[in-house]
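For reference, the chains in residue letters:
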Amino acid sequence: MIYIERIAPPERFEKETEAWMQAWKTKHTQKSASQFWRLIRQRKRMKLFAKQLIAMFHEKCAYCESKSGHVAHLHIEHFYPKSYIEFQHLIFVWENWLVACQICNQNKGTQFPMCDDVPCLVNPTEDSPHEHVDFIGADILAITKRGKETINIIDLNRTMLKEERSRWLMNIKSLLILICRESELKQEIRKYLIWAMQPDAPYSAMTKAYLLEKTPKLAKPTTPHSHAELDKPLDKIDALLEEMKVILNTIA
Ligand SMILES: [Zn+2]
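Scope of this entry: the structure provided in the associated data block.

**Observations concerning the state of the cysteines**
Working definition of a disulfide: a covalent bond connecting the sulfur atoms of two cysteines.
Here is step 1: Summed over all chains, the structure comprises one disulfide.
Here is step 2: Covalent S-S linkage joins C115 and C120, the inter-sulfur distance amounting to 2.2 Å. Taking the sign of the torsion about the S-S bond as the criterion, the disulfide between C115 and C120, at about 105 degrees, is right-handed.
Here is step 3: Taking relative accessible area as the criterion, C115 reaches 6% and is therefore assigned buried.

Listed below in C-alpha coordinates is the structure:
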(Lines give C-alpha, C1' and ligand atoms only; values in the text may rest on other atoms or scores of the structure.)
Protein backbone atom coordinates (compact mmCIF):
# COMPACT_ATOMS: atom_id res chain seq x y z
CA MET A 1 0.00 0.00 0.00
CA ILE A 2 1.42 3.38 -0.99
CA TYR A 3 0.28 6.97 -0.81
CA ILE A 4 -1.46 8.10 -4.00
CA GLU A 5 -1.60 11.76 -4.82
CA ARG A 6 -5.08 12.49 -6.07
CA ILE A 7 -5.30 14.52 -9.24
CA ALA A 8 -8.23 16.85 -9.99
CA PRO A 9 -11.41 15.21 -11.34
CA PRO A 10 -11.51 14.70 -15.12
CA GLU A 11 -13.11 17.21 -17.43
CA ARG A 12 -16.95 17.24 -17.30
CA PHE A 13 -16.87 15.09 -14.12
CA GLU A 14 -18.96 17.36 -11.95
CA LYS A 15 -21.50 18.14 -14.66
CA GLU A 16 -22.05 14.49 -15.56
CA THR A 17 -22.15 13.14 -12.03
CA GLU A 18 -24.59 15.85 -10.93
CA ALA A 19 -26.90 14.81 -13.76
CA TRP A 20 -26.62 11.13 -12.72
CA MET A 21 -27.37 11.99 -9.10
CA GLN A 22 -30.40 13.98 -10.24
CA ALA A 23 -31.60 11.07 -12.39
CA TRP A 24 -31.32 8.71 -9.39
CA LYS A 25 -33.36 11.05 -7.21
CA THR A 26 -36.09 11.58 -9.81
CA LYS A 27 -36.33 8.78 -12.42
CA HIS A 28 -34.74 5.79 -10.66
CA THR A 29 -35.94 6.18 -7.09
CA GLN A 30 -36.70 2.45 -6.78
CA LYS A 31 -33.13 1.45 -7.52
CA SER A 32 -30.67 0.72 -4.72
CA ALA A 33 -27.24 2.37 -4.78
CA SER A 34 -25.72 -0.83 -6.21
CA GLN A 35 -28.41 -1.20 -8.86
CA PHE A 36 -28.05 2.41 -9.95
CA TRP A 37 -24.25 2.14 -9.94
CA ARG A 38 -24.43 -0.94 -12.19
CA LEU A 39 -26.57 1.03 -14.62
CA ILE A 40 -24.29 4.07 -14.71
CA ARG A 41 -21.03 2.17 -14.98
CA GLN A 42 -22.03 0.99 -18.47
CA ARG A 43 -22.03 4.60 -19.68
CA LYS A 44 -19.30 5.62 -22.08
CA ARG A 45 -18.46 8.71 -20.02
CA MET A 46 -18.22 6.61 -16.86
CA LYS A 47 -15.77 4.25 -18.55
CA LEU A 48 -13.67 7.27 -19.47
CA PHE A 49 -13.67 8.50 -15.86
CA ALA A 50 -12.72 5.00 -14.66
CA LYS A 51 -9.81 4.92 -17.11
CA GLN A 52 -8.46 8.17 -15.69
CA LEU A 53 -8.92 6.96 -12.12
CA ILE A 54 -7.08 3.71 -12.87
CA ALA A 55 -4.21 5.67 -14.45
CA MET A 56 -4.03 7.81 -11.28
CA PHE A 57 -3.59 4.58 -9.27
CA HIS A 58 -0.83 3.44 -11.70
CA GLU A 59 -3.03 0.53 -12.89
CA LYS A 60 -2.70 -1.04 -9.43
CA CYS A 61 -5.05 -2.02 -6.64
CA ALA A 62 -5.03 0.73 -3.99
CA TYR A 63 -4.87 -1.85 -1.20
CA CYS A 64 -2.66 -4.74 -2.33
CA GLU A 65 -0.62 -3.00 -5.09
CA SER A 66 -1.23 -5.86 -7.52
CA LYS A 67 -1.21 -5.07 -11.22
CA SER A 68 -4.03 -7.49 -11.91
CA GLY A 69 -5.62 -5.71 -14.87
CA HIS A 70 -4.28 -8.39 -17.26
CA VAL A 71 -6.49 -11.09 -15.70
CA ALA A 72 -9.47 -9.15 -14.29
CA HIS A 73 -10.90 -5.67 -14.51
CA LEU A 74 -9.95 -3.30 -11.73
CA HIS A 75 -12.98 -1.96 -9.87
CA ILE A 76 -13.93 1.50 -8.75
CA GLU A 77 -14.07 1.12 -4.99
CA HIS A 78 -16.13 3.50 -2.85
CA PHE A 79 -13.98 4.16 0.20
CA TYR A 80 -17.07 5.27 2.14
CA PRO A 81 -19.35 2.37 1.09
CA LYS A 82 -22.24 3.18 -1.20
CA SER A 83 -24.38 0.57 0.59
CA TYR A 84 -24.48 2.77 3.72
CA ILE A 85 -27.37 5.23 3.53
CA GLU A 86 -25.29 7.91 5.27
CA PHE A 87 -22.64 7.69 2.52
CA GLN A 88 -24.87 7.43 -0.53
CA HIS A 89 -24.36 11.10 -1.34
CA LEU A 90 -20.68 10.19 -1.95
CA ILE A 91 -21.45 7.68 -4.71
CA PHE A 92 -20.27 10.05 -7.47
CA VAL A 93 -17.72 11.99 -5.47
CA TRP A 94 -14.28 11.72 -7.07
CA GLU A 95 -12.52 11.92 -3.68
CA ASN A 96 -14.43 8.81 -2.56
CA TRP A 97 -13.27 6.69 -5.49
CA LEU A 98 -10.35 4.29 -5.17
CA VAL A 99 -9.29 1.46 -7.46
CA ALA A 100 -9.31 -2.09 -6.15
CA CYS A 101 -8.76 -5.60 -7.47
CA GLN A 102 -11.73 -7.93 -7.31
CA ILE A 103 -10.51 -9.79 -4.22
CA CYS A 104 -9.68 -6.72 -2.11
CA ASN A 105 -12.98 -5.19 -3.21
CA GLN A 106 -14.91 -8.30 -2.17
CA ASN A 107 -12.97 -8.69 1.07
CA LYS A 108 -13.86 -5.16 2.08
CA GLY A 109 -17.50 -5.77 1.16
CA THR A 110 -19.62 -3.73 3.51
CA GLN A 111 -17.05 -3.64 6.32
CA PHE A 112 -16.31 -0.10 7.43
CA PRO A 113 -15.52 0.07 11.15
CA MET A 114 -14.52 3.28 12.86
CA CYS A 115 -11.43 3.71 15.06
CA ASP A 116 -12.32 6.59 17.37
CA ASP A 117 -13.54 9.27 14.96
CA VAL A 118 -11.82 8.10 11.79
CA PRO A 119 -12.35 5.10 9.51
CA CYS A 120 -10.15 2.18 10.64
CA LEU A 121 -9.37 1.44 7.03
CA VAL A 122 -6.29 3.30 5.82
CA ASN A 123 -7.14 5.51 2.86
CA PRO A 124 -4.16 5.60 0.47
CA THR A 125 -5.18 8.99 -0.91
CA GLU A 126 -5.51 10.63 2.50
CA ASP A 127 -3.29 8.73 4.92
CA SER A 128 0.38 7.84 4.73
CA PRO A 129 0.17 4.03 4.55
CA HIS A 130 3.82 3.61 5.64
CA GLU A 131 2.87 5.07 9.03
CA HIS A 132 0.37 2.23 9.51
CA VAL A 133 1.90 -0.82 7.83
CA ASP A 134 5.37 -2.13 7.06
CA PHE A 135 6.93 -5.23 5.50
CA ILE A 136 9.28 -7.96 6.59
CA GLY A 137 10.06 -9.87 3.41
CA ALA A 138 6.70 -10.58 1.78
CA ASP A 139 4.79 -10.27 5.08
CA ILE A 140 2.84 -7.10 5.71
CA LEU A 141 2.84 -6.04 9.36
CA ALA A 142 0.75 -3.55 11.31
CA ILE A 143 2.34 -0.57 13.01
CA THR A 144 -0.92 0.95 14.26
CA LYS A 145 -4.39 -0.23 15.19
CA ARG A 146 -5.70 1.13 11.89
CA GLY A 147 -2.95 -0.77 10.07
CA LYS A 148 -4.01 -3.97 11.84
CA GLU A 149 -7.67 -3.44 10.96
CA THR A 150 -6.76 -2.72 7.33
CA ILE A 151 -4.66 -5.89 7.04
CA ASN A 152 -7.48 -7.94 8.58
CA ILE A 153 -10.39 -6.42 6.64
CA ILE A 154 -8.69 -6.61 3.24
CA ASP A 155 -6.77 -9.79 4.17
CA LEU A 156 -3.50 -8.38 2.92
CA ASN A 157 -1.55 -11.47 4.00
CA ARG A 158 -3.75 -13.91 2.07
CA THR A 159 -1.82 -16.92 0.81
CA MET A 160 -1.93 -16.31 -2.94
CA LEU A 161 -1.12 -12.62 -2.59
CA LYS A 162 1.82 -13.40 -0.33
CA GLU A 163 3.04 -16.00 -2.81
CA GLU A 164 2.92 -13.42 -5.60
CA ARG A 165 4.78 -10.88 -3.45
CA SER A 166 7.39 -13.57 -2.65
CA ARG A 167 7.89 -14.27 -6.36
CA TRP A 168 8.35 -10.56 -7.01
CA LEU A 169 10.81 -10.31 -4.13
CA MET A 170 12.75 -13.25 -5.55
CA ASN A 171 13.31 -11.24 -8.75
CA ILE A 172 14.64 -8.37 -6.67
CA LYS A 173 16.90 -10.71 -4.70
CA SER A 174 18.27 -12.24 -7.91
CA LEU A 175 19.05 -8.78 -9.23
CA LEU A 176 20.88 -7.90 -6.02
CA ILE A 177 23.08 -10.97 -6.45
CA LEU A 178 23.67 -10.07 -10.09
CA ILE A 179 24.52 -6.44 -9.31
CA CYS A 180 27.26 -7.64 -6.95
CA ARG A 181 28.66 -10.22 -9.37
CA GLU A 182 28.30 -8.61 -12.80
CA SER A 183 29.79 -5.13 -12.90
CA GLU A 184 28.83 -4.59 -16.56
CA LEU A 185 25.15 -4.88 -15.60
CA LYS A 186 25.40 -2.62 -12.59
CA GLN A 187 23.95 0.52 -14.15
CA GLU A 188 21.10 -1.29 -15.84
CA ILE A 189 20.11 -3.23 -12.73
CA ARG A 190 20.42 -0.10 -10.62
CA LYS A 191 17.92 1.61 -12.94
CA TYR A 192 15.58 -1.37 -12.69
CA LEU A 193 15.73 -1.38 -8.87
CA ILE A 194 14.98 2.36 -8.78
CA TRP A 195 11.97 1.72 -10.99
CA ALA A 196 10.86 -1.17 -8.73
CA MET A 197 10.53 1.31 -5.83
CA GLN A 198 8.45 3.78 -7.85
CA PRO A 199 4.66 3.99 -7.54
CA ASP A 200 4.06 2.44 -10.97
CA ALA A 201 5.86 -0.80 -10.05
CA PRO A 202 3.92 -3.65 -8.44
CA TYR A 203 4.39 -4.11 -4.68
CA SER A 204 6.62 -1.02 -4.52
CA ALA A 205 6.08 -0.54 -0.75
CA MET A 206 7.40 -4.04 -0.08
CA THR A 207 10.32 -3.60 -2.50
CA LYS A 208 11.28 -0.30 -0.90
CA ALA A 209 11.16 -1.80 2.60
CA TYR A 210 13.35 -4.68 1.45
CA LEU A 211 15.88 -2.49 -0.37
CA LEU A 212 16.06 -0.08 2.58
CA GLU A 213 17.46 -2.96 4.55
CA LYS A 214 19.76 -4.39 1.85
CA THR A 215 20.90 -1.33 -0.10
CA PRO A 216 20.09 1.69 2.11
CA LYS A 217 21.98 4.20 -0.04
CA LEU A 218 20.05 3.17 -3.12
CA ALA A 219 16.71 3.07 -1.33
CA LYS A 220 17.20 6.34 0.54
CA PRO A 221 19.41 8.55 -1.60
CA THR A 222 20.54 11.98 -0.36
CA THR A 223 19.10 13.49 -3.55
CA PRO A 224 16.01 11.74 -4.92
CA HIS A 225 16.42 9.56 -7.99
CA SER A 226 14.89 10.85 -11.16
CA HIS A 227 11.92 8.89 -12.50
CA ALA A 228 13.22 5.73 -14.16
CA GLU A 229 11.49 4.84 -17.40
CA LEU A 230 11.47 1.16 -18.09
CA ASP A 231 10.99 1.09 -21.84
CA LYS A 232 13.55 -1.67 -22.52
CA PRO A 233 14.03 -3.43 -19.21
CA LEU A 234 17.29 -5.21 -18.69
CA ASP A 235 18.32 -5.53 -22.32
CA LYS A 236 21.83 -6.48 -21.34
CA ILE A 237 20.60 -9.55 -19.48
CA ASP A 238 19.39 -10.93 -22.80
CA ALA A 239 22.80 -10.28 -24.30
CA LEU A 240 24.50 -11.94 -21.34
CA LEU A 241 22.23 -14.98 -21.65
CA GLU A 242 23.15 -15.22 -25.31
CA GLU A 243 26.82 -15.34 -24.30
CA MET A 244 26.06 -18.10 -21.82
CA LYS A 245 24.24 -20.25 -24.35
CA VAL A 246 26.97 -22.90 -24.35
CA ILE A 247 26.83 -23.30 -20.56
CA LEU A 248 23.01 -23.31 -20.56
CA ASN A 249 22.97 -26.06 -23.16
CA THR A 250 24.93 -28.33 -20.83
CA ILE A 251 22.35 -28.06 -18.04
CA ALA A 252 20.17 -31.16 -17.95
ZN1 LIG B 1 -6.05 -5.82 -4.27
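Once the structure has been displayed, the description carries forward.
**Some details on the environment of I189**
Here is step 1: With respect to the helices and strands, the residue I189 is situated in helix 7 (residues 186–196).
Here is step 2: For the pair formed by I189 and I177, sequence separation is twelve residues and the distance between their alpha carbons is 10 Å.
Here is step 3: If we skip the residues at most four places from it in the chain, I189 touches L175, L178, I179 and L234.

**Concerning the coordination of the zinc ion**
Here is step 1: Every protein donor of the zinc ion is accounted for by C61 (SG), C64 (SG), C101 (SG) and C104 (SG), and the metal-donor separations fall at 2.3 Å.
Here is step 2: One can describe the donor arrangement at the zinc ion as tetrahedral, given that its four donor atoms subtend angles of 101 to 116 degrees at the metal.
Here is step 3: Along the chain, the residues donating to the zinc ion fall in the pattern C-x2-C-x36-C-x2-C. Of the two residues, C61 is situated in the loop between helix 3 (44–56) and strand 1 (75–78) and C101 in the loop between strand 2 (97–100) and helix 4 (102–108); the sequence distance between them amounts to 40 residues.
Here is step 4: Assessed through its relative accessible area of 2%, C61 is described here as buried.
Here is step 5: A residue is classified by how much of its surface remains accessible, and C101, at 7% relative accessible area, is buried.

**A word on unusual backbone geometry**
Excluding glycine, residues mostly carry a negative phi; peptide bonds, for their part, are mostly trans.
Here is step 1: Here R12, not a glycine, exhibits a phi torsion of approximately 70 degrees, which is positive.
Here is step 2: Take R12: it is sitting in the segment before helix 1 (13–26).
Here is step 3: The backbone of H58 shows a phi angle near 55 degrees, a positive value even though the residue is not glycine.
Here is step 4: Inspection of the secondary structure puts H58 in the loop between helix 3 and strand 1.

**Notes on the nonpolar core**
Here is step 1: One finds Y63, F92, W97 and L193 to be the most contacted residues of the largest nonpolar core, which totals 75 residues.
Here is step 2: Per-element tally for this core: the top contributor is helix 6 (residues 159–181), with seven residues.
Here is step 3: Each of domain 1 (13–118) and domain 2 (160–250) gives at least three residues to this core.

Cut-offs applied
- Each residue is numbered by its place in its chain's sequence as written, counting from 1.
- With pLDDT at 70 or above as the cut-off, local features in this predicted model cover only qualifying residues; side-chain atom pairs require 80 or more to be listed or tallied, and sums for whole chains, interfaces and linings still use all residues.
- For side-chain calculations, the full set of non-hydrogen atoms in the structure is used, while hydrogens and water are omitted.
- Cysteine sulfurs are considered disulfide-paired once they come within 2.5 Å of each other.
- Each residue is placed in one exposure class: buried if its accessible area under a 1.4 Å probe, protein chains only, is under 20% of its type's maximum, exposed if it is over 50%, and partly exposed if it falls in between.
- A run of H or I in DSSP becomes a helix once it reaches four residues, and a run of E becomes a strand once it reaches two; helices and strands are each numbered from the N terminus.
- Contacts are assigned to residue pairs with any non-hydrogen atoms lying within 4.5 Å of each other.
- Listed donors are limited to N, O and S atoms within 2.8 Å of the metal, widened to 3.2 Å for Na, K and Ca; water is not among them, so incomplete-looking sites are possible.
- The rule is simple: four donors are tetrahedral if all their angles sit between 85 and 135 degrees, four are square planar and six octahedral if opposite donors span more than 155 degrees and the others lie between 65 and 115, and anything that fits none of that is irregular.
- Among the buried residues, those of types Ala, Val, Leu, Ile, Met, Phe, Trp, Tyr and Cys that are joined through side-chain atoms within 4.5 Å form a nonpolar core.
- Annotation comment: domain bounds sourced from an automatic or database domain assignment.

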